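Single-letter residue listing:
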Amino acid sequence: QVQLVESGGGLVQPGGSLRLSCASSKRIFNLYRVAWYRQAPGKQRELVADMTSIGTTTYADSVKGRFTIVRDKVKDTVTLEMDRLTPDDTATYYCLWNGRREPDAPALDYWGQGTQVTVSS
């Protein structure tokens, strides 16, 4: 079973930076999309950034120019680089990979367990 593990969350002051990383326990044969979502208390989970298999990226308006999604195909990791953080960025962040575990397997969504990011002075 594929498990995604996030790391890099924590407490940071406003204006600071964090790097979130997501790695898979098993290699995914065909990876079609990778993404980061976040969910703040009392709010719905929202898309922060994603990247397709050909490298096309999209970002939520609230993070454009501050966050960058990076995929390392050699290390098989996906990183969310977050700069100029504000208290509104406080949330649990989840990574999502969509792909095929094997050539004949269906494409599935795989979620990480979440990592907490708190922006506070």
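Residues numbered from 1 in each chain as written. Predicted model: local features only at pLDDT ≥ 70, side-chain atom pairs only at ≥ 80, totals over all residues. Heavy atoms only, no water.

Draft legend 1. Quick look at the state of the cysteines. What the rule picks out here adds up to 1 disulfide. With a sulfur-sulfur separation of 2.0 Å, Cys22 is cross-linked through a disulfide to Cys95. Note on the Cys22 and Cys95 pair: the S-S dihedral is about 50 degrees, so by sign convention the disulfide is right-handed. Placement of the pair is Cys22 in strand β3 (residues 18-24) and Cys95 in strand β9 (residues 91-100), with a sequence separation of 73 residues. Judged by its relative accessible area of 0%, Cys22 falls in the buried class. (Disulfide = S-S within 2.5 Å. Helix = DSSP H or I, 4+ residues; strand = E, 2+ residues; numbered from the N terminus. Buried < 20%, exposed > 50% of the residue type's maximum accessible area, 1.4 Å probe, protein only.)

Draft legend 2. A look at the layout of surface pockets. Of the voids in this model, the largest pocket is the one considered here, and its volume is about 160 Å³. Forming the boundary of the largest pocket are Arg38, Gln39, Ala40, Lys43, Gln44, Glu46, Pro87, Asp88, Thr90 and Ala91. Considered class by class, the residues forming the lining of the largest pocket number 3 nonpolar, 3 polar and 4 charged. (1 Å grid on protein atoms, 1.4 Å probe; cavity = no way out; pocket = protein on both sides within 12 Å on 5 of 7 lines; lining within 4 Å. Points joined across faces, edges and corners; volume = space filled by probe spheres on them. Nonpolar A, V, L, I, M, F, W, Y, C, P; charged D, E, K, R; others polar.)

Draft legend 3. Structural view of the sheet that holds β3. The 4 strands lie next to each other as β1-β3-β8-β7, forming an open sheet whose pairing is antiparallel. In the strand order of this sheet, the two ends are held by β1 (4-7) and β7 (67-72), each with one partner. Taken over all neighbouring pairs, the strand axes of this sheet differ in orientation by 15 degrees on average, direction set aside. Pairing of β3 with strand β8 (residues 77-82), which is carried by 6 bridges, proceeds in the antiparallel orientation. Across the sheet, residue Arg19 finds its bridge partner in β8, namely Glu81. (Pairing = 2+ DSSP bridges. Axes fitted to C-alpha atoms, helices over the stretch in contact; angles between N-to-C directions.)

Draft legend 4. Just the environment of Ser21, in detail. Mapped onto the elements, Ser21 comes out in strand β3. In this structure, the C-alpha to C-alpha distance between Ser21 and Glu6, residues 15 residues apart in sequence, is 5.5 Å. Those residues within four positions of Ser21 in sequence are excluded, and the remaining contacts are Val5, Glu6, Ser7, Trp36, Thr77, Val78 and Thr79. (Contact = heavy atoms within 4.5 Å.)

Draft legend 5. Quick look at the packing of aromatic side chains. Counted according to the given criterion, the structure contains 1 aromatic pair. Summarising the aromatic geometry, the rings of Tyr37 and Trp111 are spaced 5.1 Å apart at their centres and angled 55 degrees between planes, so their arrangement reads as tilted. Of this pair, Tyr37 sits in strand β4 (residues 30-39) while Trp111 is found in strand β10 (residues 107-111), placing the two residues 74 residues apart along the sequence. With relative accessibility at 34%, the residue Trp111 sits in the partly exposed group. In this structure, Arg45 packs its charged tip against the face of Tyr94, placed 3.8 Å from the ring centre. Positioned above the aromatic ring of Trp111 is the side chain of Arg45, whose terminal nitrogen or guanidinium carbon lies 4.8 Å from the ring centre. (Phe/Tyr/Trp six-rings, centres within 6.5 Å; stacked < 30°, edge-to-face > 60°. Lys NZ or Arg CZ within 6 Å of the ring centre and 35° of its normal.)

Draft legend 6. Structural detail: the pairing of strand β11 (residues 115-119). A one-sided burial pattern is seen for β11, the buried positions being Thr115, Val117 and Val119 and the unburied ones Gln116 and Thr118. For strand β2 (residues 10-12) and β11, the ladder comprises 3 bridges, and the chain directions are parallel. Residue pairing for β11: Gly10 is matched across the bridge by Val117. Here β9 runs beside β11; their pairing, made up of 3 bridges, is antiparallel. Bridging across to β11, Tyr93 finds its partner in Thr115.

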